[in-house]
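Each chain is listed here by its residues.
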Amino acid sequence: MTTSETMATSAWSPRRLYALNDAEIAELAAVLIDCVAGGASVSFMHPLSHDRAVAFWRRVAQGVVAGERVLLVAEDVDGLCGTVQVVLDQPENQPHRADLTKLLVHRRARRQGLGAALMGAAETTARACGKTLLVLDAVSDGDGARLYERLGWQRVGEIPGYALMPQGGLIATTVYYRNLGG
Ligand SMILES: CC(C)(COP(=O)(O)OP(=O)(O)OC[C@H]1O[C@@H](n2cnc3c(N)ncnc32)[C@H](O)[C@@H]1OP(=O)(O)O)[C@@H](O)C(=O)NCCC(=O)NCCS
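Residues numbered from 1 in each chain as written. Predicted model: local features only at pLDDT ≥ 70, side-chain atom pairs only at ≥ 80, totals over all residues. Heavy atoms only, no water.

Trainee: Looking at this model, I keep getting lost on the pairing of strand 7 (residues 154–164). Mind explaining?
Mentor: On a regular strand, each side chain points to the face opposite its neighbour's, so the side chains alternate between the two faces of the sheet. Alignment of strand 7 against strand 8 (residues 170–179), held across 7 bridges, turns out to be antiparallel. Across the sheet, residue Glu-158 finds its bridge partner in strand 8, namely Thr-174. Between strand 7 and strand 8, which follow one another and run antiparallel, lie 5 residues, and Gly-168 among them has a positive phi close to 105°. (Pairing = 2+ DSSP bridges. Helix = DSSP H or I, 4+ residues; strand = E, 2+ residues; numbered from the N terminus.)

Set out below in structure tokens:
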């Protein structure tokens, strides 16, 4: 099996990585650091060090190799600039469900349809993996939430004070789902 597989979506071509090398981990770390520096609430506080970001992606890589999660990436001329994950590994009573997580687009590549392309590729991959229900959460009224609602995700509700913004200050999160069945 090759280490990657291309999935054409719009002008972007997200591809699936089945393993990560050091260069890919460094580029994904740069994407994560840029998102946190730009104010995205994606599990980390600002400033996020290169070492902590690399440690995060090394853990992700272990899950990818174990088949627990799918990692999709997209690149521009400067390297990897966008990514999203589909978490396949779920409790035994939820084999049809997956979580979508860590949709990240570097600020240099935003507002060019990459976020939408990654979401489309994630749904295609989830279907191919036998998943019929997707769940995610997003900062309420943020860029991600706007994207998910534009793409037709169903809004479940809001949890106030769910997380801290990277520079501090509590924010609410909104839970979404998408039914791929039918
Ligand atoms: C949320 C995020 C992934 C969106 O990525 P993106 O690549 O900018 O997404 P898209 O380009 O598909 O859509 C973003 C906007 O650009 C617009 N757009 C898309 N293609 C465009 C184009 N060719 N020209 C102009 N605008 C365009 C879209 O209509 C959308 O507009 P809106 O924000 O007014 O609704 C990105 O902002 C990000 O990484 N944020 C930080 C991390 C984060 O918050 N992730 C979500 C966690 S839940």
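Trainee: Looking at this model, I keep getting lost on the side chain of Gln-90. Mind explaining?
Mentor: Checked against the element boundaries, Gln-90 lands in the loop between strand 4 (79–87) and strand 5 (97–105). Its relative accessible area of 17% is what places Gln-90 among the buried residues. Looking at Gln-90, its side chain comes within polar contact range of the main-chain oxygen of Val-87, at 2.9 Å. When sequence neighbours within four positions are dropped, the list of residues in contact with Gln-90 reads Arg-97, Ala-98, Asp-99 and Lys-131. (Buried < 20%, exposed > 50% of the residue type's maximum accessible area, 1.4 Å probe, protein only. Polar contact = N/O pair within 3.5 Å; in protein donor to acceptor, adjacent residues only side chain to side chain. Contact = heavy atoms within 4.5 Å.)

Trainee: Help me out: how do you make sense of a nonpolar patch on the surface in this one?
Mentor: A grouping of Met-45, Leu-164 and Leu-170 is seen on the molecular surface, where their side chains present a nonpolar patch of about 280 Å² in accessible area. Residue position: Leu-170 is located in strand 8. The exposed category is assigned to Leu-170, whose relative accessible area is 60%. (Patch = residues over 30% accessible without salt bridge, like charges linked within 9 Å, V, L, I, M, F, W, Y side chains within 5 Å. Areas by Shrake-Rupley, 256 points an atom, 1.4 Å probe, with all protein chains shown as cover. Salt bridge = Lys/Arg side-chain N within 4 Å of Asp/Glu carboxyl O.)

Trainee: Would you mind going over the pattern of salt bridges with me for this structure?
Mentor: Tallying each qualifying case throughout the model produces 7 salt bridges. Ionic pairing is found between Asp-22 and Arg-58, a salt bridge with its closest N-O pair at 3.4 Å. Taken together, the residues span a long stretch of sequence, with Asp-22 in helix 1 (residues 22–37) and Arg-58 in helix 2 (residues 50–65) at a distance of 36 residues. Given the relative accessible area of 54%, Asp-22 is considered exposed. In this structure Arg-58 comes out as partly exposed when scored by relative accessible area, which is 40%.

Trainee: Just to check I follow, could you spell out the site of the ligand for this structure?
Mentor: Near the ligand there are 20 residues, and of these Leu-103, Val-105, Arg-111, Gly-113 and Gly-115 occur at the shortest range. Val-105 is positioned such that a nitrogen or oxygen atom in its backbone is 2.8 Å from an oxygen atom of the ligand. Within the backbone of Arg-111, an N or O atom sits 2.8 Å from an oxygen atom of the ligand. The protein chains hide 72% of the 940 Å² of surface that the ligand would expose on its own. Mapped by element, the contributors of at least two residues to the shell around the ligand are strand 5, helix 3 (114–128), strand 6 (133–139) and helix 4 (143–150). It is helix 4 that contributes the most residues to the shell around the ligand, 6 residues altogether. The class makeup of the residues in the shell around the ligand is 10 nonpolar, 4 polar and 6 charged. (Near = heavy atom within 4 Å. Nonpolar A, V, L, I, M, F, W, Y, C, P; charged D, E, K, R; others polar.)

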